[in-house]
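What follows is the residue order along each chain.
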Amino acid sequence: MDTMQHRLLPGLGRTVSVLGAGCWTVGGPAANNGIPIGWDDVDPDIAYAALRRAHELGITLFDTADVYGLGRSERLLGRLLREIDRDQVIISSKVGYFAGTGAHPYHPRQMCHQLATTLDNLDTDRLDVYFLHSTDFGEHDRYLPGAINLLAAWCEQGLIGAVGMRAPHAFAEEWAACPGPRQAETARFLHLFDRIRPNVLTARYNLLSPLYRPDETDIFTFARRYQVGVLIKQVLAQGLLLGAHDPDRPRRFSATDHRHTDPRFAPGALRRLADTLAPLRARHGDHPAALARIALRYAMQHAPDSIVLTGFRNPEQIQTNITCLGDPLTDEEITEIRDLLHPRSPA
Ligand SMILES: NC(=O)c1ccc[n+]([C@@H]2O[C@H](COP(=O)([O-])OP(=O)(O)OC[C@H]3O[C@@H](n4cnc5c(N)ncnc54)[C@H](OP(=O)(O)O)[C@@H]3O)[C@@H](O)[C@H]2O)c1
């Protein structure tokens, strides 16, 4: 069965399934530099079955990184790539966080090592997109010129097809010129964007994202101006939008699950979120498929030229997230959702 819709992703110039498989979760538990970066309760065989299901149901973009499960995510994906036609799928991976050798992640030797390891893990000779995962390029950005040069050389050699970088979680271009809490981060992003000139960005966007004023340039409008593609992440707010986290019975995460230290998963925050989402759930029901449809459609329709990533750790989750989509949200439904979730925000 392949009823998946496809979109031409600017920057990449290739047609991609509107939903992409986010492969962070399937890497399972991990820590990097003592920081939890993994996900609990991931069985590699079940995760692999989920990757297969994603492919069978028409997903053609798989997003991974060297640090996801410290290579386990890439290796699971490599197993899939050995069984399918590599040319039919788009693979993105990332460099910039791995702390294994003690060298700076963007030291040229380290970057070369990471690319070789990533290609080896994936059992492929090329990446379609290679993301600079972190914005820390060392003191005074000493590793930035070298990283840019390496990426250009790898593009030239056909080792990578496009360059990616991450956008801030909240962004309006105008904030760079306005004194305020977001000014430095926005200015830093614009500076790096100008230096790196990526083809693709990742950006967080979901039902809880701020609504921007008409005179503000959000990340999607910004990307369109430069013909840059966007992969949207955290569309399900890592499960928080699906009713999977009951504030009265909060899940306990191990010290290698990133949610262990994420304040959004603390009981007080879960309680506040449950209150925020209550009107939405009263209107649309509690079933994860109904809530996933709203979350995924909301992002797909906000940015019709972007790809929506969804994470998952078993075949049931990815199947739900692909088959739940149903009809598009109407304009009235989108307005109602915004009124329910952002009652005091500007239109
Ligand atoms: N987050 C970032 O900062 C970031 C950065 C760069 C790239 N990405 C990419 O974006 C991808 C997506 O990850 P994300 O962080 O944005 O997470 P997400 O897609 O918002 O949420 C994924 C998590 O939600 C839960 N879930 C998914 N489907 C479900 C269903 N049908 N029913 C119940 N629970 C369900 C699962 O967690 P549980 O089952 O454990 O509850 C799953 O691991 C990543 O894999 C990665 O490729 C993310």
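That block above? That's the structure.
Below is a summary of the structure that appears in this document.

Re the overall build of the chain
Then, in step 1: Looking only at helices and strands, the chain features 10 helices and 12 strands.
Then, in step 2: Taking 2.2 N^0.38 as the reference for a compact globule, 347 residues should give roughly 20 Å; the C-alpha atoms of the chain span a radius of gyration of 20 Å, in line with that estimate.
Then, in step 3: Dimensions of the chain along its principal axes, counting C-alpha atoms only, are 55 × 50 × 40 Å.
Then, in step 4: For the chain, the proportion of its 347 residues judged to be buried stands at 53%.
Then, in step 5: Seen as two clouds, the 37 positive and the 41 negative side-chain charges of the chain have centres 3 Å apart.

Focus on the sheet that holds strand β11 (residues 229-233)
Backbone hydrogen bonds are what pair the strands of a sheet, in a parallel or an antiparallel way.
Then, in step 1: What the 8 strands build is a closed barrel, ordered β3-β6-β7-β8-β9-β10-β11-β12; its pairing is parallel. Ignoring strand direction, the axes of neighbouring strands in this sheet form an average angle of 30 degrees.
Then, in step 2: Sheet topology note: the strand β8 (residues 129-132)/strand β9 (residues 163-166) ladder contains 3 bridges and is parallel. Bridge pairing in β9 places Phe-131 opposite Gly-164.

Observations concerning the site of the ligand
Then, in step 1: For the ligand, the set of nearby residues contains 26 residues, the closest of which are Asp-63, Gln-234, Gln-238, Gly-311 and Arg-313.
Then, in step 2: Contact distances for the ligand include 3.2 Å between an oxygen atom and a backbone N or O atom of Gly-22.
Then, in step 3: Here an oxygen atom of the ligand sits 3.3 Å away from a polar atom, N or O, in the main chain of Cys-23.
Then, in step 4: Within the complex, 95% of the 890 Å² of free accessible area of the ligand lies under protein.
Then, in step 5: Contributing elements (two or more residues each) for the shell around the ligand: β12 (307-311) and α9 (315-323).

Observations concerning the environment of Gly-28
Then, in step 1: With respect to the secondary-structure elements, Gly-28 resides in the loop between β3 (19-22) and β4 (31-32).
Then, in step 2: Separated by 14 residues in the primary sequence, Gly-28 and Val-42 have C-alpha atoms spaced 5.1 Å apart.
Then, in step 3: Not counting residues up to four positions away in its chain, the partners in contact with Gly-28 are Gly-38, Trp-39, Val-42, Gly-69 and Arg-72.

Concerning the pairing of β9
Then, in step 1: Each parallel crossover has a hand, and the one from β8 via helix α4 (residues 144-156) to β9 is right-handed.
Then, in step 2: After leaving β9, the chain enters helix α5 (residues 183-196) and then returns to the sheet as strand β10 (residues 200-204), a path that is right-handed.

Let's talk about the packing of α4 against α5
Geometry of a packed helix pair, given as the angle between the helix axes and the separation of the axes.
Then, in step 1: Taken N-terminus to C-terminus, the directions of α4 and α5 make an angle of 40 degrees; their axes are 10 Å apart at the nearest point. The angle between the axes of α4 and α5 places the two elements in the oblique class. Where α4 approaches α5, its residues Leu-144, Pro-145 and Ile-148 are matched on the opposing element by Leu-192, Arg-195 and Ile-196.
Then, in step 2: Classifying every residue of the contact of α4 with α5 by side-chain character gives 5 nonpolar, no polar and 1 charged.

Considering the environment of Phe-220
Then, in step 1: Examined against the element boundaries, Phe-220 turns out to sit in helix α6 (residues 219-225).
Then, in step 2: Of the residues examined, Phe-220 reaches a relative accessible area of 4% and is grouped as buried.
Then, in step 3: Among residues more than four places away in sequence, those in contact with Phe-220 are Tyr-205, Val-230, Ile-232, His-302, Ala-303 and Ser-306.

Some thoughts on α5
Residues spaced three or four apart along an α-helix face the same direction, because each turn holds 3.6 residues.
Then, in step 1: Between the first and last C-alpha of α5 there are 20 Å, a value that for 14 residues agrees with the 20 Å anticipated at 1.5 Å per step.
Then, in step 2: Looking only at α5, the buried set comprises Thr-186, Phe-189, Leu-192, Phe-193 and Ile-196. The arc that holds every buried residue of α5, seen down its axis, measures 130 degrees, which confines them to one face.
Then, in step 3: Looking one or two residues past α5, Arg-197 carries a phi angle of roughly 45 degrees, positive in sign.

Focus on the pattern of salt bridges
Then, in step 1: Evaluation of the coordinates by the stated rule reveals 22 salt bridges.
Then, in step 2: Close ionic contact of Asp-45 with Arg-79 constitutes a salt bridge, the shortest N to O distance being 3.9 Å. Taken together, the residues span a long stretch of sequence, with Asp-45 in helix α1 (residues 44-56) and Arg-79 in helix α2 (residues 72-81) at a distance of 34 residues.
Then, in step 3: On the basis of relative accessible area, Asp-45 is assigned to the exposed category, the value being 52%.
Then, in step 4: It is possible to trace a salt-bridge network through shared partners that takes in Arg-14, Arg-86 and Asp-128.

Parameters and conventions
- Residues numbered from 1 in each chain as written.
- Predicted model: local features only at pLDDT ≥ 70, side-chain atom pairs only at ≥ 80, totals over all residues.
- Heavy atoms only, no water.
- Helix = DSSP H or I, 4+ residues; strand = E, 2+ residues; numbered from the N terminus.
- Rg over C-alpha atoms; globule rule 2.2 N^0.38 Å.
- Buried < 20%, exposed > 50% of the residue type's maximum accessible area, 1.4 Å probe, protein only.
- Lys, Arg positive; Asp, Glu negative; His and termini not counted.
- Charge placed at Lys NZ, Arg CZ, Asp CG, Glu CD.
- Pairing = 2+ DSSP bridges.
- Axes fitted to C-alpha atoms, helices over the stretch in contact; angles between N-to-C directions.
- Near = heavy atom within 4 Å.
- Polar contact = N/O pair within 3.5 Å; in protein donor to acceptor, adjacent residues only side chain to side chain.
- Areas by Shrake-Rupley, 256 points an atom, 1.4 Å probe, with all protein chains shown as cover.
- Contact = heavy atoms within 4.5 Å.
- Right-handed = clockwise from strand over helix to strand, strands pointing away.
- Parallel < 35°, antiparallel > 145°, perpendicular 65-115°, else oblique.
- Nonpolar A, V, L, I, M, F, W, Y, C, P; charged D, E, K, R; others polar.
- Expected span 1.5 Å × (residues − 1).
- Arc of directions from axis to C-beta.
- Salt bridge = Lys/Arg side-chain N within 4 Å of Asp/Glu carboxyl O.

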